[in-house]
Amino acid sequence: MSELRVRVDQDLCTGDGLCVQYAPEVFEFDVDGLAYVKGDDGELLLNPGATVEIPAHLRLEVIDAAQECPGECIHIQRTHDGEPLSEEERATLR
């Protein structure tokens, strides 16, 4: 499986916090109560549409966070072509 990237759409984020519970190394809340992805240095990436590579050891946690997110705001895409990860690809990774 190719490398994967993830982003959070803050317009859809409900602030529920499941993503932060599943993968705190990847997601964090800002003062606005919304989730954002974190860069390699742990800093929040506040730019709309910011993506980060999903560490291989956290793929399952990030996929689970995306599936469980009530706002459906976590988007996973393949690095090589930027296309969203299909449900079939998600199931294969599980």
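To be clear, the structure that these remarks concern was listed above.
No experiment lies behind these values; they were computed from the predicted model shown.

(A) Geometry of the sheet that holds strand 5 (residues 74-78). Taken in spatial order, the three strands of this open sheet run 4-1-5, and their pairing is antiparallel. Among the strands making up the open sheet, the edge pair consists of strand 4 (51-53) and strand 5. Strand-to-strand twist of the sheet, defined as the mean angle between neighbouring strand axes without regard to direction, takes the value 30°. Taken together, the three bridges between strand 1 (residues 4-8) and strand 4 define a ladder with antiparallel strand orientation. Bridge assignment links arginine 5 to a residue of strand 4, and that residue is glutamate 53. Across the sheet, helix 2 (residues 59-68) is in contact with strand 1 and strand 5; its angle to strand 5 comes to roughly 130°.

(B) Inspection of the pairing of strand 1 at higher detail. The side-chain alternation of strand 1 yields one buried face, formed by Leu4, Val6 and Val8, and one unburied face, formed by Arg5 and Arg7. The pairing of strand 1 with strand 5 spans five bridges and is antiparallel. Looking at strand 5, one finds that arginine 7 is bridged to histidine 75.

Cut-offs used in this document
Residues numbered from 1 in each chain as written. Predicted model: local features only at pLDDT ≥ 70, side-chain atom pairs only at ≥ 80, totals over all residues. Heavy atoms only, no water. Pairing = 2+ DSSP bridges. Helix = DSSP H or I, 4+ residues; strand = E, 2+ residues; numbered from the N terminus. Axes fitted to C-alpha atoms, helices over the stretch in contact; angles between N-to-C directions. Contact = heavy atoms within 4.5 Å. Buried < 20%, exposed > 50% of the residue type's maximum accessible area, 1.4 Å probe, protein only.

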